Protein chains: 2
Amino acid sequence: MIYKFIEGGVTAPKGFTAQGICASIKPSNTTKKDLALIYCDTVCNSAAVFTKNLVKSDTIYVTKKHLENGRAQAVIVNSGNANACNADGYEKAEQMCALAAEALDVNVNDVIVASTGVIGQVLPIEPVKKGVEAMKGTLSKEGSTNAAEAIMTTDTVKKEWAVQFELDGKTITIGGIAKGSGMIHINMGTTLSFVTTDAAISSKMLKEALLEAVEESYNMVSVDGDTSTNDTLAIMASGKAGNIEIAEKNDNYKLFTAVLTEAFKAVAKKLAADGEGATKLLICRVSGANTKNDAKIIAKSIICSSLVKAAMFGADANCGRILCAVGYSGAKADVHKIDVSYKSAKGEILVCKDGLGLEFDEEKAKEILLESEIEILVVLGDGCGSAEAYGCDLTYDYVKINGDYRT
Amino acid sequence: MIYKFIEGGVTAPKGFTAQGICASIKPSNTTKKDLALIYCDTVCNSAAVFTKNLVKSDTIYVTKKHLENGRAQAVIVNSGNANACNADGYEKAEQMCALAAEALDVNVNDVIVASTGVIGQVLPIEPVKKGVEAMKGTLSKEGSTNAAEAIMTTDTVKKEWAVQFELDGKTITIGGIAKGSGMIHINMGTTLSFVTTDAAISSKMLKEALLEAVEESYNMVSVDGDTSTNDTLAIMASGKAGNIEIAEKNDNYKLFTAVLTEAFKAVAKKLAADGEGATKLLICRVSGANTKNDAKIIAKSIICSSLVKAAMFGADANCGRILCAVGYSGAKADVHKIDVSYKSAKGEILVCKDGLGLEFDEEKAKEILLESEIEILVVLGDGCGSAEAYGCDLTYDYVKINGDYRT
């Protein structure tokens, strides 16, 4: 599989432009960008996945309705207010679509809408209206960065990416923007992400590819075990690359899905690394499990453990925390065949062999764990199942950020 | 149901004595008590529940074996070392029992053994030997406090309790000691607890009563979502109160179980209030759920949410965090019929009605949430199921304590 990451974001594929501005949706914060538009000059085949939380922002119901025909042409998205648990939420979400449709001259049913921010506060529509007006005519190839910034909440780093590969001798580009950084967990199309591509692919295959890619990436990342009311991951395909449309699960489908998966894994790592308060990216690789599913369950259990996360923050090579998280994960495992190592740019150290704690060089372990990207390697003796999950450490700043999120 | 809490702990019931000392099991800490004995002058009907973690301390296997006949006469327990994930763990656990049996002149198969502390480090038996020798002949009614102190790890408050009620005109006493305070979660007989009673009750009924009482108490408390390798809750009944032995599920069984449940709920609150780093006890009461089980799932989901816990630390009356945790709990619930209030000694405030966020008096909410015991009240509109779960806030100190637990 040959592909390469390139500069750019959601506007990298042919046909797409974007913009993001400060619309002052959250009155207390008047400089931060908080409203974005993404536009394609043609109607796209589209698909999306959403939060599985029973409590949903009305933006999700509106977007679902608009995507029933598998088609979309634009995205409008705000940060600073989740438009969730409000009496007029549905109406406001529809108004946002109408404003975008009018400004971009597209069909209102072809608009995807999303929001992120505080739950249970009424969304003011006036700033959105003014913001859309202000962005009208300014959408550009360069606007991806502004859009990426406009969807950030507690993120400290904007997330945009693009990747290229060949299909039928044509260059296919996929690009995207994403936001973190708290209330992120594994049972969902995590957080807000907007993905574009110029590949020609049917809506049905796009949805299949999305579901496959999410399974190994967004569904394997956890920051804090909480799943939000607003999570939306939407993808739009303009078809402008000129390849033969992918309409079945052929080799081209497989290649497209494989590249999408790799790109999403890179995003998952970015989300975890920039998790609220995080100082370290944790990558847990489990191998030798009974089944792939057992490996996934174990990897996620480790990544989600508050005690593992706190130990990693403190660069404490505690093997008990890892063994414990394997043991309560719910997966089958022979506890007398568990090896645990920590690995980083500074080297690798085995701290547990066959389920028994080892004496090890504490200085060396500390040196390894003081790095900002840590691999937790768990080798079981049960079978051939393997999996990878992404998380971050639990820090003072996580507590600080969430101790008073609303102000 | 008439019962009263009284002074005293594990030695309050007739027949029991105890002691605890510093045996220097953890060399770095030479003043903290870390070894305890509990003894009954007669062999007791006994029962226990254990962690469900697949990775178990060998103390659990040894205690299970010794309780196969439903009989026990003594407990030996240490802190400072979990004796888990060690090659010689089983042997060391047996040695501990043998040392206690010899010192107390009881059958080695009638000894319950437990350990708590760091996982994966070899347990030094010499300090245990010297400690048991030193305690020999010193066990007393006053020794409960020392025993309670000896099983503390990161606990800041010792946990001992006793309760009395009448059965067949006889006074029945139940007493106990318990430890917290991290790695505490709901799927288990949480942490280490030793309970004694002078009630006459068969081993079989004692086990049934224990399981019932645990379900509403220890299984409804969470500090951090992690379940340990060592959790043991053992109960011994001396029969010295002189009541007619409870040998079936009659009214006396029901009363005994009801009092045991209330006592365990009080312990659960103590464990939660003294959770690692905690500044606040959180009690989540859910009512109006489809079923009792749905209510339990929702109450536990809220108590376990890192975002709820951090918000409570910050005294932030965020209703989105609560709704979110209801929504991803996995329980059935009509999200348009959820009311949420916060309550403390300073009053009560409604922050969400029918699933919609309300405007409320932020000053008043802050005042309520600055108290050290907070009730989160969730009223659903689905049925008659209700439940109560116990937790604590997530604080800087939790991160600090667990960032470097081993040193």
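For the structure itself, consult the block above.
Residues numbered from 1 in each chain as written. Chains lettered and ligands numbered in written order. Predicted model: local features only at pLDDT ≥ 70, side-chain atom pairs only at ≥ 80, totals over all residues. Heavy atoms only, no water.

A. Expanded view of the overall build of chain A. When helices and strands are tallied, chain A shows 11 helices and 15 strands. By principal-axis analysis of the C-alpha atoms, chain A measures approximately 65 × 50 × 35 Å. For chain A, long-range pairs separated by at least 24 residues make up 80% of all intrachain contacts whose partners lie at least 6 apart in sequence. When the accessible surface of chain A is split by element, carbon and sulfur atoms take 49% of a total near 14000 Å². (Helix = DSSP H or I, 4+ residues; strand = E, 2+ residues; numbered from the N terminus. Contact = heavy atoms within 4.5 Å. Areas by Shrake-Rupley, 256 points an atom, 1.4 Å probe, with all protein chains shown as cover.)

B. Structural context of the relation of the copies chain A and chain B. Take chain A, turn it by 180°, move it 0.0 Å along the axis, and it overlays chain B with an RMSD of 0.0 Å. Read as a symmetry element, the transformation amounts to a two-fold axis. No C-alpha of chain A approaches the rotation axis more nearly than that of A:Tyr396, which lies at 2.5 Å. Most of the interface of chain A is mirrored in chain B: 100% of its interface residues are interface residues there too. (Least-squares fit on C-alpha atoms with pLDDT ≥ 70 in both.)

C. Layout of helix H10 (residues 362-369) of chain B. Residue and element names in this part refer to chain B. Looking at H10, one finds that the buried residues are Ala-365, Ile-368 and Leu-369. Projected onto a plane normal to the axis of H10, the buried residues spread over an arc of 90° and lie on a single side. For H10, the capping residue at the N-terminal end is Asp-361, with a side-chain oxygen 3.0 Å from the backbone nitrogen of Glu-363. (Buried < 20%, exposed > 50% of the residue type's maximum accessible area, 1.4 Å probe, protein only. Arc of directions from axis to C-beta. Polar contact = N/O pair within 3.5 Å; in protein donor to acceptor, adjacent residues only side chain to side chain.)

D. Spatial organisation of the interface of chain A and chain B. Listed as interface residues are 54 residues of chain A and, on the opposing side, 54 residues of chain B. Between chain A and chain B the total buried area reaches about 4400 Å² when both faces are included, carbon and sulfur atoms providing 59% of it. Counting across the interface, chain A meets chain B through zero salt bridges. The interface formed by chain A and chain B contains 12 residue pairs in polar contact (both at pLDDT 80 or more). Breaking the side of chain A that touches chain B down by element, the ones donating at least two residues are helix H8 (306-313), helix H9 (319-327), strand E13 (356-357), helix H10 (362-369) and helix H11 (396-403) of chain A. With six residues, the top contributor of residues to the side of chain A that touches chain B is H11(A). In terms of residue class, the side of chain A that touches chain B is made up of 25 nonpolar, 18 polar and 11 charged. (Buried area = accessible area lost by both parts, 1.4 Å probe. Salt bridge = Lys/Arg side-chain N within 4 Å of Asp/Glu carboxyl O. Nonpolar A, V, L, I, M, F, W, Y, C, P; charged D, E, K, R; others polar.)

E. Region of interest: unusual backbone geometry. Residue and element names in this part refer to chain B. Backbone geometry at Ser-24 places phi at a positive 55°, although glycine is not the residue there. Tracing the backbone through its elements, the reader meets Ser-24 in the loop between strand E2 (16-21) and strand E3 (35-50). A positive phi angle, near 55°, is found at Asp-168, a position not held by glycine. Mapping Asp-168 onto the fold places it in the loop between strand E6 (159-167) and strand E7 (170-178).

F. Just the sheet that holds strand E11 (residues 338-344) of chain B, in detail. All names here are of chain B. Here six strands make up an open sheet; going across it, the order is E13-E12-E11-E14-E10-E15 and the pairing mixed. Of all the strands in the sheet, just strand E13 (356-357) and strand E15 (385-392) have a single pairing partner and so form its edges. Relative to E13, strand E12 (residues 347-353) runs antiparallel, the two sharing two bridges. Within the sheet, the bridge partner assigned to Lys-353 lies in E13 and is Leu-356. H10 contacts E11, E12 and strand E14 (373-380) of the sheet and is inclined by roughly 120° relative to E12. (Pairing = 2+ DSSP bridges. Axes fitted to C-alpha atoms, helices over the stretch in contact; angles between N-to-C directions.)

G. Representation of the pattern of salt bridges in the model. One pass over the full model with this rule turns up 32 salt bridges over all chains. When the shortest N-O distance is used, the salt bridge between A:Asp88 and A:Lys92 registers 2.7 Å. Side by side, A:Asp88 and A:Lys92 carry an identical accessibility label, which is buried. Note that B:Glu94 is salt-bridged to B:Lys65, the shortest N-O span being 3.3 Å. With B:Glu94 in helix H2 (residues 89-104) and B:Lys65 in helix H1 (residues 58-66), the pair connects residues that are 29 residues apart, well separated along the chain. Judged by relative accessible area, B:Lys65 falls into the partly exposed class, the value being 34%. Counted as one network, the salt bridges with shared partners bring together A:Glu215, A:Glu216, A:Lys292 and A:Lys296.

H. Main features of the pairing of strand E9 (residues 232-237) of chain A. Residue and element names in this part refer to chain A. The buried fraction of E9 amounts to six of the six residues, a majority that puts the element mostly inside the structure. What you see with E9 is no split at all: Thr-232, Ala-234 and Met-236 on one side and Leu-233, Ile-235 and Ala-237 on the other are buried throughout. With six bridges joining them, strand E8 (residues 192-197) and E9 adopt parallel strand pairing. For Ser-193, the partnering residue across the bridge sits in E9 and is Leu-233.

I. Representation of the pairing of E6(B). All names here are of chain B. The buried count for E6 comes to seven of nine residues, which makes it a mostly enclosed element. Across three bridges, strand E1 (residues 4-6) lies against E6 in antiparallel orientation. Bridged to Ile-6 within E6 is Ala-162. Relative to E7, E6 runs antiparallel, the two sharing nine bridges. What sits directly across from Leu-167, in E7, is Lys-170. In this antiparallel pair of consecutive strands, E6 and E7, the connection spans two residues, and Asp-168 shows a positive phi of 55°.

J. A look at the side chain of A:Thr261. Residues and elements named next belong to chain A. Locating Thr-261 in the fold gives a position in helix H6 (residues 251-273). Using a relative accessible area of 11% as the deciding quantity, one classes Thr-261 as buried. When sequence neighbours within four positions are dropped, the list of residues in contact with Thr-261 reads Ala-213, Glu-216 and Ser-217.

K. Representation of the packing of helix H1 (residues 58-66) of chain A against helix H2 (residues 89-104) of chain A in the model. Residues and elements named next belong to chain A. Remark: H1 packs on H2, axes separated minimally by 8 Å, with the N-to-C direction vectors making an angle of 50°. When the axes of H1 and H2 are compared, the pair comes out oblique. In this structure, H1 crosses over H2, and the sense of that crossing is right-handed. Side by side, H1 and H2 meet where Asp-58, Thr-59, Tyr-61, Val-62, Lys-65 and His-66 of the first sit next to Gly-89, Tyr-90, Ala-93, Glu-94 and Cys-97 of the second. When grouped by side-chain class, the residues that make up the contact of H1 with H2 number five nonpolar, three polar and three charged. (Parallel < 35°, antiparallel > 145°, perpendicular 65-115°, else oblique. Left-handed = near helix turned anticlockwise from the far one by under 90°.)

L. Structural detail: the packing of aromatic side chains. All names here are of chain A. Inspection of every chain in the model, using the stated rule, returns 11 aromatic pairs over all chains. Ring plane angle 90° and centroid distance 5.1 Å describe the contact between Tyr-218 and Phe-264, whose orientation is recorded as edge-to-face. Of this pair, Tyr-218 sits in the loop between helix H5 (203-215) and E9 while Phe-264 sits in helix H6, and the two are 46 residues apart along the sequence. Among the residues examined, Phe-264 registers a relative accessible area of 0% and is labelled buried. (Phe/Tyr/Trp six-rings, centres within 6.5 Å; stacked < 30°, edge-to-face > 60°.)

M. Quick look at the side chain of A:Asp155. All names here are of chain A. Looking at the secondary structure, you find Asp-155 in the loop between helix H4 (144-150) and strand E6 (159-167). Reaching out from Asp-155, the side chain makes a polar contact with the backbone nitrogen of Thr-153 at a distance of 3.0 Å. Among the polar contacts listed, one links the side chain of Asp-155 to the side chain of Lys-159, at a separation of 2.6 Å. Residues within four places of Asp-155 in sequence aside, it is in contact with Lys-179, Gly-180, Ser-181 and Asp-274.

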